[in-house]
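The chain contents come next:
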Amino acid sequence: MPSTKVLEQKQAVVAELTEKLGRAQSGVLVSYTGITVADDTALRAAMRKAGCEYAVIKNTLIGRACDAAGLSDIKAQLNGMNALALSYDDPVAPAKILKEYADKIESFSIRGGILDGAVVDTKTVEELAEIPPKEVLLARMLGSLQGPLSGLCRALQAIIDKDGEPAPAEEAAAPAEA
């Protein structure tokens with residue numbers, strides 16, 4: 001039978017993890033077997049740089065926190081050695097970083113994830129990892145907005161030129177000559 005002190009520590013871990021799961025925009029559950037110390041150190045540094053939390057937590061504690069946070073479906077993936085990565089700002093960051101490591105290390109695998117308070121499968125996490133960076137998405141959006149607007153400007157200029165009205169530059173030059 002566990003001591004009262006150990007039980008209180010575990011309850012505190014579960015309460016803290018429940019709160020983090022509630023705040024997180026996304027989370028990824030991975031099986032971290034077969035990763036070297038050097039790879040794990042690099043992975044943790046990349047996660048910190050991206051603003052993500054990455055921790056190895058006992059499956060029973062993750063399971064209880066997920067129950068409390070309303071994410072019980074992920075408990076089916078809790079077998080073996082697991083780690084959990086959470087992001088509060090960028091929902092794509094943990095998926096991108098962990099997919100990169102899963103591609104490099106054969107025994108390191110993505111088990112599932114959490115996205116906006118719902119449990120998602122491995123395929124969804126991998127699709128999330130394939131989303132281009134925010135800057136690329138913004139550039140694509142601006143390009144798609146700019147195309148029709150520049151076409152409209154050229155069409156309006158063609159109508160003005162066709163009607164034979166002088167362009168604004170010609171109007172300004174004409175009175176100066178007279």
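Everything quoted here is computed from the prediction, not taken from an experiment.

So, how was this worked out
Residues numbered from 1 in each chain as written. Predicted model: local features only at pLDDT ≥ 70, side-chain atom pairs only at ≥ 80, totals over all residues. Heavy atoms only, no water. Pairing = 2+ DSSP bridges. Helix = DSSP H or I, 4+ residues; strand = E, 2+ residues; numbered from the N terminus. Axes fitted to C-alpha atoms, helices over the stretch in contact; angles between N-to-C directions. Contact = heavy atoms within 4.5 Å. Phe/Tyr/Trp six-rings, centres within 6.5 Å; stacked < 30°, edge-to-face > 60°. Lys NZ or Arg CZ within 6 Å of the ring centre and 35° of its normal. Core = buried A, V, L, I, M, F, W, Y, C linked by side-chain atoms within 4.5 Å. Buried < 20%, exposed > 50% of the residue type's maximum accessible area, 1.4 Å probe, protein only. 1 Å grid on protein atoms, 1.4 Å probe; cavity = no way out; pocket = protein on both sides within 12 Å on 5 of 7 lines; lining within 4 Å. Points joined across faces, edges and corners; volume = space filled by probe spheres on them. Nonpolar A, V, L, I, M, F, W, Y, C, P; charged D, E, K, R; others polar.

1. Section: the sheet that holds strand β2 (residues 52–56)
- Read from one edge to the other, the open sheet built from five strands follows the order β2-β3-β1-β4-β5, with strand pairing classed as antiparallel. The open sheet terminates on both sides in strands that have one partner only, identified here as β2 and β5 (118–120). Neighbour-to-neighbour, the strand axes of this sheet turn through a mean angle of 20°, independent of strand direction.
- When strand β4 (residues 109–115) meets β5, the two strands line up antiparallel, connected through three bridges. Within the sheet, the bridge partner assigned to L115 lies in β5 and is A118.
- Relative to the sheet, helix α5 (residues 122–129) contacts β1 (26–31), β4 and β5, its axis offset from that of β4 by approximately 80°.

2. Thoughts on the packing of aromatic side chains
- Under the definition given, this model contains zero aromatic pairs.
- Seen from the ring of Y88, R23 lies directly overhead, with NZ or CZ sitting 4.2 Å from the centre.
- The lysine or arginine in question, K104, covers the ring of Y101, its NZ or CZ lying 4.4 Å from the ring centre.

3. What about the nonpolar core?
- Formed by 24 residues in total, the largest nonpolar core has its most connected members in V28, V30, L43, M47, Y54, L98 and F108.
- Looking at this core, the elements that each hand over two or more residues are β1, α2 (37–49), β2, β3 (82–87), α4 (93–104) and α5.
- At six residues, α4 tops the list of elements feeding residues into this core.
- When near neighbours in sequence (up to four residues on either side) are disregarded, V28 contacts A83, L84, A85, P94, A95, L98, I110, G112, G113 and V125.
- With 17 residues, the next largest nonpolar core counts V14, L29, A65 and I74 among its residues.

4. Observations concerning the layout of surface pockets
- Considered as a void within the structure, the largest pocket measures approximately 160 Å³ in volume.
- As for the largest pocket, its lining consists of D90, V92, A93, K96, I131, P132, P133, K134 and L137.
- Contributing elements (two or more residues each) for the lining of the largest pocket: α4 and α6 (134–163).
- Of the residues contributing to the lining of the largest pocket, the split by class is six nonpolar, no polar and three charged.

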